[in-house]
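Spelled out from the first residue to the last, the chains are:
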Amino acid sequence: MDTAKSRWPVTPRPGQVEVAGELARLIEQGHNVLFSAPVGWGKTHTVIAALVAAKALPALWLVRSLALGPRIAEDAALWQLFSFVAAGREKTCLLWESLGEAAHDYCRSFKYKCPFAKLPRESPLFADWQKLVAKGREEGWCPYFAQDLIESDVLIQNYNRRARRYFSAVIVDEAHNLSLPDERTLRIAHIAEAIAAVRETGGSQRLLSALERMMRAVLVYSERALDVRTFLNEEEVYELQLLYYRSLEERDTRLKPLIEVIRATAVYIEGEKIMIYKPPRIPAFRPAILVTATPLSPIPFEVDAEIRIPWEVKPKSLIIDGVTSKFDEFDSKMAINYKKLLITLSNRFRRILVFAASERVARELRSWVNYEETTPPPDWEGLLMLRARGRYAEGVDLPAECVIMAGAPYLPPEVTDRLARMYKTLGFKDPLRCAIDLPMLTVTLQCVGRAWRDPSKPPLVVLADSRYEKYRDELANYFEMVETGGSPI
């Protein structure tokens, strides 16, 4: 296998050529391998070198966020490989604007009624989905399915998009995300509107009574799980699904929020939001390289081999005693302790990222930060607060000098119980840890990664929840754990 330095379009760092050679050998043998290396080590070029050496092209490159796609495509282009970044229906379906999330169900069930249900006469030549959408809209064909016609050496797409071609190898980028459940947010108002639509579309009085009982519970619940089957029996669920598909055939999507709720593994009420959770999708491909900077154990999928590059540069990290976001301990007094921590650290650092573990924590700290849930201006200073599981907690670079985890971002206990039962059914290793510990630790490491973009300039990491203490030894793989006696100074 030729992975010599002369073949590389960039000067390889120490160890990259050797790792690429070993990855190529494992791919040729049809193995699944976990490859982990620190931030900035050069994992992408190493994997591409292995694919080239093993002649494992075309390859499917799976990412959680398409924001990574252009960077991977740029690196592949240096190897004279053509890449295409394929998007899901939310970006490529020409009916998405009117159908929203219901477009998935409409496409599966009523594709024959779609005015764009055809393919272009010739395979289009584009590097990404944006230009394809514009061309499909102009000529009247489906950009989503047209993506599968494009021949490329590397097809980059989201984890959840179905692959419809043959690939010699599969790369799962940031594979630690496979331990995270699919988490979506609805507003209570959406459920109320959907129930009104059930009445308009001819729902039975029995179904309406059941939905109204559920709605009353939703309005009363606060920070509590919702068991939909307490209110709806199998016959009522069947009737609701029948009404949904009858309405959807005419492109009426108003019942979709209720369908999302009954399909969820777990449902949780958080303020005005309804959080719905489903197990992660584990890609079933072979051979595959699962790439990550943070290989938490146990991984919820089978691998034949592991290649791990230890972290040499680690951010200093403090675990703060005496504070916690645990539900039954987080009160106004605890909130004051967090506010004191923000004040202390804001006197030492110019830019601080604060990740609120829950909406309750965010509400208490909101008046003490400069920015919240937004992309700040380039010259921002002060405190920027984001939700630990919010849309800005992943795939966004926000360099900062300090990261504060304002609470440990566990999922609610009722949610983890349901996920653990589902994981056990799916055959996950250690389903309790996969449902409780791995999501919390994975989100923590992701949040730190938002602030740490220069490998030589790690931020100070403040883990402001005493519950992190039991993970000290595990966190030492990624952080330089500093003994502080509970003080952030």
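Conventions and cut-offs
Residues numbered from 1 in each chain as written. Predicted model: local features only at pLDDT ≥ 70, side-chain atom pairs only at ≥ 80, totals over all residues. Heavy atoms only, no water. 1 Å grid on protein atoms, 1.4 Å probe; cavity = no way out; pocket = protein on both sides within 12 Å on 5 of 7 lines; lining within 4 Å. Points joined across faces, edges and corners; volume = space filled by probe spheres on them. Helix = DSSP H or I, 4+ residues; strand = E, 2+ residues; numbered from the N terminus. Nonpolar A, V, L, I, M, F, W, Y, C, P; charged D, E, K, R; others polar. Salt bridge = Lys/Arg side-chain N within 4 Å of Asp/Glu carboxyl O. Buried < 20%, exposed > 50% of the residue type's maximum accessible area, 1.4 Å probe, protein only. Core = buried A, V, L, I, M, F, W, Y, C linked by side-chain atoms within 4.5 Å. Contact = heavy atoms within 4.5 Å. Axes fitted to C-alpha atoms, helices over the stretch in contact; angles between N-to-C directions. Parallel < 35°, antiparallel > 145°, perpendicular 65-115°, else oblique. Left-handed = near helix turned anticlockwise from the far one by under 90°. Phe/Tyr/Trp six-rings, centres within 6.5 Å; stacked < 30°, edge-to-face > 60°. Lys NZ or Arg CZ within 6 Å of the ring centre and 35° of its normal.

**Q** Can you help me understand the layout of surface pockets in this one?
**A** It is a probe the size of a water molecule, rolled over the atoms, that shows where empty space is left. Taken as a whole, the second largest pocket encloses approximately 1000 Å³ of empty space. Along the walls of the second largest pocket sit 39 residues, with V39, G40, K43, R71 and R453 positioned nearest its centre. Elements supplying a minimum of two residues to the lining of the second largest pocket: helix 2 (43-53), helix 3 (69-78), strand 10 (288-292) and helix 17 (437-451). Element by element, the count of residues in the lining of the second largest pocket is highest for helix 17, at five residues. Partitioned by chemical class, the residues of the lining of the second largest pocket number 15 nonpolar, 14 polar and 10 charged.

**Q** So what exactly am I meant to see when it comes to the pattern of salt bridges here?
**A** Between side chains of opposite charge, a pair can form as their charged atoms come close. If you walk through the whole model with that rule in mind, you get 37 salt bridges. We note a salt bridge from R206 to E235, for which the minimum N-O separation is 2.8 Å. Pair noted here: R206 is in helix 10 (residues 205-220) and E235 is in helix 11 (residues 234-249), with a separation of 29 residues, a long-range link. Residue class for R206 comes out partly exposed when judged on its relative accessible area of 45%. Taking relative accessible area as the criterion, E235 reaches 48% and is therefore assigned partly exposed.

**Q** Explain empty space enclosed by the protein here, please?
**A** Within this structure, the stated rule accounts for one cavity of 30 Å³ or more. Put simply, the largest cavity is a space of about 90 Å³. Surrounding the largest cavity, 14 residues form its lining, A175, H176, L296, I299 and F301 being those nearest its centre. Across the lining of the largest cavity, the residue classes break down as nine nonpolar, five polar and no charged.

**Q** Help me understand the nonpolar core, please; the structure alone is not making it clear to me.
**A** In globular proteins that are soluble, nonpolar side chains generally tend to be buried together. Grouped together as the largest cluster of nonpolar side chains are 47 residues, with contacts concentrated most on L353, F355, L463, Y468, L475 and F479. Once you skip the residues sitting within four places of it in the chain, L353 turns out to touch W380, L384, L386, L398, A400, C402, V403, I404, R450 and A451. Counting 44 residues, the second largest nonpolar core, distinct from the first, contains L26, I48, A49 and L66.

**Q** Looking at this model, I keep getting lost on the environment of D321. Mind explaining?
**A** Along the chain, D321 turns up in the loop between strand 12 (316-319) and helix 13 (332-346). Of the residues examined, D321 reaches a relative accessible area of 42% and is grouped as partly exposed. Between the C-alpha atom of D321 and that of Y468, which follows or precedes it by 147 residues, the distance is 9.3 Å.

**Q** Quick question: what am I supposed to make of the side chain of R360 here?
**A** With respect to the helices and strands, the residue R360 is situated in helix 14 (residues 359-365). Ignoring anything within four residues of it in the chain, the contact list for R360 reads E223, F327 and F330.

**Q** What exactly am I supposed to notice about the packing of helix 11 against helix 12 (residues 256-263) here?
**A** The relative placement of two packed helices comes down to the angle between their axes together with the axis-to-axis distance. Following both chains from N to C, one finds helix 11 and helix 12 inclined at 140°, their axes separated by 10 Å at the closest point. As far as their axial angle goes, helix 12 and helix 11 are oblique. Remark: the crossing between helix 11 and helix 12 carries left-handed chirality. For the pair formed by helix 11 and helix 12, the contact residues are V237, L240, Q241, Y244 and Y245 on the first element and K256, L258, I259, I262 and R263 on the second.

**Q** Mind showing me how you'd approach the packing of aromatic side chains here?
**A** Aromatic ring pairs are described here by two measures, namely the spacing of the ring centres and the angle between the planes. For the structure on display, the rule yields 11 aromatic pairs. Judged by centre distance (5.8 Å) and plane angle (50°), the ring pair of Y106 and F110 falls under tilted. Within this pair, Y106 and its partner F110 are both found in helix 6 (residues 103-110), separated by four residues, close to a single helical turn. A relative accessible area of 9% means that F110 is categorised as buried. Aromatic side chains Y144 and F145 sit 4.9 Å apart centroid to centroid with 85° between the ring planes, which places their arrangement in the edge-to-face category. Exposure class is identical for Y144 and F145. Each is buried. An aromatic cluster is built from Y106, F110 and Y112, whose rings are joined through pairwise contacts. In this structure, R161 is placed above the aromatic ring of Y144, and the distance from its NZ or CZ to the ring centre is 4.9 Å.

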